[in-house]
Amino acid sequence: MSRLKYGLLLLLVAGYFLPLKADRDSSVRKSGRFSIMLSLKPMFNSIAKDSAEHYMYSHNTIEFQYRFNKHQIGLGIDGSSAKSSGSVNNLPKEYKKTSFSIAPNYAYNFFSSRKWNFFAGAGYFMNKSNNRSDIISQIEIVTQEVIQTETGGNLFFRLGYRINRYLSLEMEMAAYMSKDKLEHKDTYSLNTGMNSSKSESRSFSTYAFPSNIWLKFSF
């Protein structure tokens, strides 16, 4: 997924150097129907290590869009996987973290000019992460998992600034309503009677300003 993000970033930046003669004319040209958006959230998080409350809540780093007249359908996604290893009481321990996010949405273009666009819309989202550790001994493997699943809906506004015919920036503001389920599992490969699991859930609402900042390439 990280290679895909870097590849898309190069594609988006390249859009800035495409011929701009038509865009510099006094007439306004319509954007293409298809767009790819790449979140600048990873860059901001690398600068500001600690995320503030009500800031950059969106989990998606890539969004694919199709636009027809003033109507726009989008699909935001993200995913990652990381592995590491260590030891506990001289026993090898392996860690694995995976995450996945998906967010289909609909937006309406309320305002459009040569440089500015304003969208309002609604969407559904699901964010899921799994933190797993395996302690490996000569007798058995003890697995500990923490699985978090968040599902819900959001209302959002996006303000876009067109850099040229192909490239633009969009700032997103959103309110979220969701349910969050947290599962804890301990699994023993040999002593199965010691297996345990518990779960807890909650419902909450929040808002984010901005919830994301996007670099958008239209074609």
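Cut-off values and rules
Residues numbered from 1 in each chain as written. Predicted model: local features only at pLDDT ≥ 70, side-chain atom pairs only at ≥ 80, totals over all residues. Heavy atoms only, no water. pLDDT = per-residue confidence, 0-100. Contact = heavy atoms within 4.5 Å. Helix = DSSP H or I, 4+ residues; strand = E, 2+ residues; numbered from the N terminus. Buried < 20%, exposed > 50% of the residue type's maximum accessible area, 1.4 Å probe, protein only. Phe/Tyr/Trp six-rings, centres within 6.5 Å; stacked < 30°, edge-to-face > 60°. Lys NZ or Arg CZ within 6 Å of the ring centre and 35° of its normal.

Draft legend 1. Main features of the confidence of the model for the protein chain. Averaged over all residues, the pLDDT of the protein chain equals 85, while 82% of them reach at least 70. For the stretch residues 18-31, pLDDT sits under 50, and the model shows 19 contacts to residues farther than four places along the chain or on other chains.

Draft legend 2. Representation of unusual backbone geometry. Of note, the amide linkage connecting Phe209 to Pro210 takes the cis form, showing an omega dihedral of -10°. Examined against the element boundaries, Pro210 turns out to sit in strand β8 (residues 196-218). In this model, Met56 sits at a positive phi of 55°, which is unusual for a non-glycine residue. Residue placement: Met56 occurs in the loop between α3 (41-47) and β2 (62-68). By relative accessible area, which is 4% here, Met56 ends up buried. Phi is positive for Asn69, which is not a glycine, with a value near 55°. Structurally, Asn69 is set in the loop between β2 and β3 (71-88). According to the relative accessible area criterion, Asn69 is exposed, its value standing at 55%.

Draft legend 3. Highlighting the packing of aromatic side chains. This structure, assessed with the given rule, holds 9 aromatic pairs. Relative to Phe217, the ring of Tyr166 lies with its centre 6.4 Å away and its plane at 20°, an arrangement referred to as stacked. Here Tyr166, found in the loop between β6 (141-162) and β7 (167-188), pairs with Phe217, found in strand β8; they are 51 residues apart in sequence, far enough to count as distant. Residue classification places Phe217 among the buried positions, given a relative accessible area of 9%. Through a chain of ring-to-ring contacts, three or more aromatic side chains come together here, namely Phe34, Tyr66, Tyr166, Phe217 and Phe219. The ring of Phe156 has Arg158 sitting right over it, with the charged end atom 4.8 Å from the ring centre. A cation over an aromatic ring shows up here: Arg202 above the ring of Phe204, its NZ or CZ 4.7 Å from the ring centre.

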